[in-house]
Each structure stands twice: as C-alpha cells, then as structure tokens.
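As a plain string of letters, each chain reads:
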Amino acid sequence: MWIKKQVPNGITLLNLFCGCIAVIFAVNGNLEFAAFFAIFGIGFDFFDGFAARMLNAQSDLGLQLDSLADMVTSGVVPGIVMYQLLSQVFGKPFYVVPGSWDTNQVLMSFDWSYLSLLGLMITLASAYRLAKFNVDTRQTSSFIGLPTPANTLLIISLPLILKFHQETFVLELILNKWFLIGITVISCYLLNAEIPLFALKFKTWGFKENKVRYIFLMIAAILIMLVQFIAIPVMIVLYILISLVWKDKNSSAG
C-alpha cells in the first residue's frame, strides 16, 4: 500500500528532475534542449495526477510536491528562457563560464541588460499562481487562469520555432524586443487572470463527459502534424478560446 501511494510522487520527482536539467541547459544558453526537457517534465506532471487518480493515491503531500516540482519546471525554466531570449535581442546573452571558480571572472562575464530581467517576471507570476492554486477551492475540476505547464509550453515554443522554422518573418517576429516583452506581460497576466479554463483531467474515458477535451486534443494533433512547433502557441490561444466558448455555452444552457 505504501509503495502504491509513492508511485505518483516518484513520477512528480521525475518532473522535478527534468526541470533541473532544463534549468542547467537554459542557463548555459542551450534553449532547445531546455525546452525538450521541460516538455518531458510537463509530461510527467500530467501522468502523476493520472496515476494518483488511477491508484486512488491522492495526498496532501503529493499536492505540495507537485507544486514544488512545477515551480522549477514550469516556473524557473520559462523565466530563464525568456531572459535568455531578451538577452539575445539586447545583445548581451549570459552563459556560465565553464570550469571557473573565480568569482570575479564570473561576475565580469555577467554583462547583462537590465531589460532582460523582465523575463524573470514569468517566474514570479508562476510562483504566485501556484501558491494561489493551492489555496483556491474553486480549482478542483477546472482552472482559473492559465496553468503553469500551458504557459511554459507557450514560452519554450519560441526557441523551438527559432531553431526549426527558418522563415524570415517568423525570425523577425520572435526576435523583436517588443514582441518578447509583450509575450512576457501577457504571460504574467494570463497566469493569474480570473479566466475559467477547462482541465485536461480524464476521470472517465467517455466521449460525452470529455467532449471538449477530445475535441481539443484532436485539433492539437492535427495542428502539430501540419505546422509542428508553431502549433504550440496556436494551441494555447485555442485552449483559451474553447474554454471561454464552452463556458458561455454551458451558462446559456443553465
């Protein structure tokens, strides 16, 4: 029984492990690998809740551990990624000096642009969102505000698009300082906005009670096949729009 209850926690710790590796890559400027490990972590984040429900192993410890893991994978990582993207735009990217324990050398290499620090606002907004989620009794079966994993997918999609989509207009858009600052502000707002959003939590597999989830996942799969990583920000926008339309439809029906 004890081992069964620890299975979801073990999956949560894999989320945290992936998040830690993503942080290392992000700090060193390897944003593509940081993005991939963040995606792995988000995958584990989805399956820990699924495992907890399947094994009937939900616990207060698991809830707190999940938030702590999310703070790294879906809080620290997107903040550093946005910081690095802004640093590239402002011409002052930061990388750790390898093999150096000389504090002065490290500090001398840290030639930052203060505007790049705006990217870390995503980390602060994520922390606030996670703390609010833990005490908000309204978010048991749905979300209010954009979940941190969804927000992280939005942010980490940017370096992946830069890497794998070489269209000129795409590069010019993402590497525009006002675009990145705008995404940062919108991200921080959506994380804590009073916007009701459906959760991708399957308590049963029936189509009727999960209609909106199945429709969203089918559209997401088609988008990924058609436009690859560009599909990610489109999916986040679609997720918000479907949630709003579904809410209005249910309100009208009620």
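This one's a predicted model, so the numbers in the text were calculated from it and none came from an experiment.

1. Considering the side chain of S116
So, point 1. Summarising the element assignment, S116 is placed in the loop between α4 (103-109) and α5 (121-135).
So, point 2. Residue classification places S116 among the buried positions, given a relative accessible area of 0%.
So, point 3. Residues in contact with S116, not counting those within four places in the same chain, are Y83, L86, S87 and F90.

2. What to know about the pattern of salt bridges
So, point 1. Under the counting rule described, the total for this entry stands at two salt bridges.
So, point 2. One salt bridge in this structure joins R138 and D136, with 2.9 Å as the shortest N-O distance.
So, point 3. On the accessibility criterion, R138 (45% relative accessible area) is partly exposed.
So, point 4. Salt-bridge contacts for R138 lead to E194; the nearest nitrogen and oxygen are separated by 3.1 Å. With R138 in the loop between α5 and β1 (142-144) and E194 in the loop between α8 (177-192) and β2 (196-198), the pair connects residues that are 56 residues apart, well separated along the chain.
So, point 5. Taken together, the shared-partner salt bridges in this structure form one network comprising D136, R138 and E194.

3. As for the environment of P196
So, point 1. Relative to the elements of secondary structure, P196 occurs in strand β2.
So, point 2. For the pair P196 and L146, spaced 50 residues apart in the sequence, the C-alpha separation amounts to 8.6 Å.

4. Concerning helix α2 (residues 31-54)
So, point 1. Between the first and last C-alpha of α2 there are 34 Å, a value that for 24 residues agrees with the 34 Å anticipated at 1.5 Å per step.
So, point 2. Those residues of α2 not exposed but buried are L31, A34, A35, A38, G41, I42, D45, D48, A51 and A52.

5. Some words on the packing of α5 against helix α6 (residues 148-164)
So, point 1. For the pair α5 and α6, the least separation of the axes is 11 Å and the interaxial angle reads 165°. As judged from the angle between their axes, α5 and α6 are roughly antiparallel. The chirality of how α5 crosses α6 is right-handed. In this structure, α5 uses I122, S126, R129 and L130 to contact α6, whose residues at the interface are T148, N151 and I155.

Calculation rules
- Residues numbered from 1 in each chain as written.
- Predicted model: local features only at pLDDT ≥ 70, side-chain atom pairs only at ≥ 80, totals over all residues.
- Heavy atoms only, no water.
- Helix = DSSP H or I, 4+ residues; strand = E, 2+ residues; numbered from the N terminus.
- Buried < 20%, exposed > 50% of the residue type's maximum accessible area, 1.4 Å probe, protein only.
- Contact = heavy atoms within 4.5 Å.
- Salt bridge = Lys/Arg side-chain N within 4 Å of Asp/Glu carboxyl O.
- Expected span 1.5 Å × (residues − 1).
- Axes fitted to C-alpha atoms, helices over the stretch in contact; angles between N-to-C directions.
- Parallel < 35°, antiparallel > 145°, perpendicular 65-115°, else oblique.
- Left-handed = near helix turned anticlockwise from the far one by under 90°.

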